[in-house]
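Here is how the chains run, residue by residue.
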Amino acid sequence: MTALVTGHKGFIGQNVYNFLKVMGKDPIGVDIRNAWSFLENFNKWDTITEVYHLGAISDTRETDLDKIYNYNIDFSRALFEACAINGITVKTASSASVYGNLVHEVNPLNYYSLSKLTMDYWIEEHMSHFPLIQSFRFFNVYGEGEEHKVRNGTASPVSSFIHQAKTNGVIKVFEGSEDFMRDFVCVRDVVSLMVNNGEPSGVYDLGTSHPISFQMVAELVSAKYGAKIKEVPFPKDLDGKYQIFTSAKKDFKHQFITVRDYLESIHE
């Protein structure tokens, strides 16, 4: 018996895949680019006990609605229906972006977050069809495995600031970053809680519930690496589309790793 992981080459998916491998669950990885082909041809559902659906079109600036709908909604629904028919546990990635600039009230600001909210609603309506199905609204996840995201400019502020500090000794932050508060959650906690949480089916916030500012993250990284902090103008294309404050509901009793803890754990 084994687990199936979609998006296993991505940041969080790769961490989940490797964690399951260490646990001896012999995971099968599915690349989102081959998702439909896999689903149409796979015929060994009787060997699968768990599905971790982490593959998605995750670019918050993507405006091709058909593309997002195809992968984030149509494929997700088809995958989940296959799991329901075969009595398979499902754990899937949602996003804190569904809240927009509200706290604990949904207000999606882009097509990506709207697609995640759509599937959360679908899950809430179909929970009785599964032995267990859980959707996790990830907050600002950071940690090991973000190297490719650093290169393409989509990494978390934590990893981006570390990279900047180490490569040129200057950390760039948007003007007003002391007022941008986010709930930064370490990928180690995300993986641990996805795989082992003991909760029933449902949609859950996955964050620390203790937001800190981008400025504070920059200062913590600066202190570790001796880097300078430089303010840069806020991008005009993000006006009205940028979350100013995020904080998870306390859905899990868990001792979360802080950004300070994470930085102290890095030995170079």
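Residues numbered from 1 in each chain as written. Predicted model: local features only at pLDDT ≥ 70, side-chain atom pairs only at ≥ 80, totals over all residues. Heavy atoms only, no water.

### Side note on a negative patch on the surface
Next, step 1: Where like charges cluster on the molecular surface, the negative patch consists of Glu175, Glu178, Asp179 and Glu231.
Next, step 2: The topology assignment puts Glu175 in the loop between strand S7 (170–174) and strand S8 (181–182).
Next, step 3: Given the relative accessible area of 43%, Glu175 is considered partly exposed. (Patch = residues over 30% accessible without salt bridge, like charges linked within 9 Å, V, L, I, M, F, W, Y side chains within 5 Å. Areas by Shrake-Rupley, 256 points an atom, 1.4 Å probe, with all protein chains shown as cover. Salt bridge = Lys/Arg side-chain N within 4 Å of Asp/Glu carboxyl O. Lys, Arg positive; Asp, Glu negative; His and termini not counted. Charge placed at Lys NZ, Arg CZ, Asp CG, Glu CD. Helix = DSSP H or I, 4+ residues; strand = E, 2+ residues; numbered from the N terminus. Buried < 20%, exposed > 50% of the residue type's maximum accessible area, 1.4 Å probe, protein only.)

### Considerations on a nonpolar patch on the surface
Next, step 1: Among the surface-exposed residues, Leu65, Tyr111 and Leu114 lie close enough to one another that they form a single nonpolar patch of about 260 Å² accessible area.
Next, step 2: With respect to the helices and strands, Leu65 occurs in helix H3 (residues 65–85).

### Here's the deal with the packing of helix H6 (residues 157–168) against helix H8 (residues 214–225)
Next, step 1: Two elements in contact, H6 and H8, have axes whose closest approach is 9 Å; the angle formed by their N-to-C orientations is 35 degrees. For the element pair H6 and H8, the recorded crossing hand is right-handed. Contacts between H6 and H8 involve Pro157, Val158, Phe161, Ile162, Ala165 and Lys166 on the former and, on the latter, Phe214, Val217, Ala218, Val221 and Tyr225.
Next, step 2: Residues of the contact of H6 with H8, tallied by class, amount to 10 nonpolar, no polar and 1 charged. (Axes fitted to C-alpha atoms, helices over the stretch in contact; angles between N-to-C directions. Left-handed = near helix turned anticlockwise from the far one by under 90°. Contact = heavy atoms within 4.5 Å. Nonpolar A, V, L, I, M, F, W, Y, C, P; charged D, E, K, R; others polar.)

### Regarding the sheet that holds strand S3 (residues 48–53)
Next, step 1: Strand order in the open sheet formed by 6 strands is S2-S1-S3-S4-S5-S10, with parallel pairing between adjacent strands. The open sheet is flanked by strand S2 (28–30) and strand S10 (202–206), the only strands paired with a single partner. Direction aside, neighbouring strands of the sheet carry axes that sit 20 degrees apart on average.
Next, step 2: Here strand S1 (residues 2–6) pairs with S2 via 3 bridges, running parallel. Along S2, the bridge assignment pairs Leu4 with Ile28.
Next, step 3: The strands touched by helix H1 (residues 11–22) within the sheet are S1, S2, S3 and strand S5 (133–138), with S1 carrying the most contacts at an inclination of about 170 degrees.
Next, step 4: Against the sheet, H3 contacts S1, S3, strand S4 (89–95) and S5, and its axis sits at roughly 165 degrees relative to S3. (Pairing = 2+ DSSP bridges.)

### Points about the nonpolar core
Next, step 1: Counting 30 residues, the largest nonpolar core has Ile12, Val16, Tyr52, Leu54, Phe138, Met194 and Leu206 as its most contacted members.
Next, step 2: Elements with a minimum of two residues in this core: S1, H1, S5, helix H7 (187–195) and S10.
Next, step 3: Ile57, Tyr71, Ile73 and Ala82 belong to the second largest nonpolar core, which has 26 residues in total. (Core = buried A, V, L, I, M, F, W, Y, C linked by side-chain atoms within 4.5 Å.)

### Considering the pairing of S5
Next, step 1: Within S5, 6 of the 6 residues are buried, leaving the element largely enclosed by the surrounding structure.
Next, step 2: Residues Ile133, Ser135 and Arg137 line one face of S5 and the alternating positions Gln134, Phe136 and Phe138 line the opposite face, and both faces are buried.
Next, step 3: In terms of strand pairing, S4 meets S5 through 6 bridges, oriented parallel. Paired with Thr92 across the strands is Ser135, a residue of S5.

### Here we look at the packing of H3 against helix H4 (residues 111–126)
Next, step 1: Where H3 contacts H4, the axes come no closer than 10 Å and their chain directions differ by 20 degrees. By the angle between their axes, H3 is roughly parallel relative to H4. H3 and H4 meet at a crossing whose hand is right-handed. Packed against H3, whose contacting residues are Leu65, Ile68, Asn72, Ile73, Ser76, Arg77, Phe80 and Glu81, the element H4 presents Tyr111, Tyr112, Ser115, Thr118, Met119, Trp122 and Ile123 at the interface.
Next, step 2: Among the residues making up the contact of H3 with H4, the classes are represented as 9 nonpolar, 4 polar and 2 charged. (Parallel < 35°, antiparallel > 145°, perpendicular 65-115°, else oblique.)

### Considering the pattern of salt bridges
Next, step 1: In total, this model carries 6 salt bridges according to the counting rule given.
Next, step 2: Arg77 serves as the salt-bridge partner of Asp74, at 2.8 Å between the closest nitrogen and oxygen. Within this pair, Asp74 and its partner Arg77 are both found in helix H3, separated by 3 residues, close to a single helical turn.
Next, step 3: Under the relative-accessibility criterion, Asp74 is labelled partly exposed at 27%.

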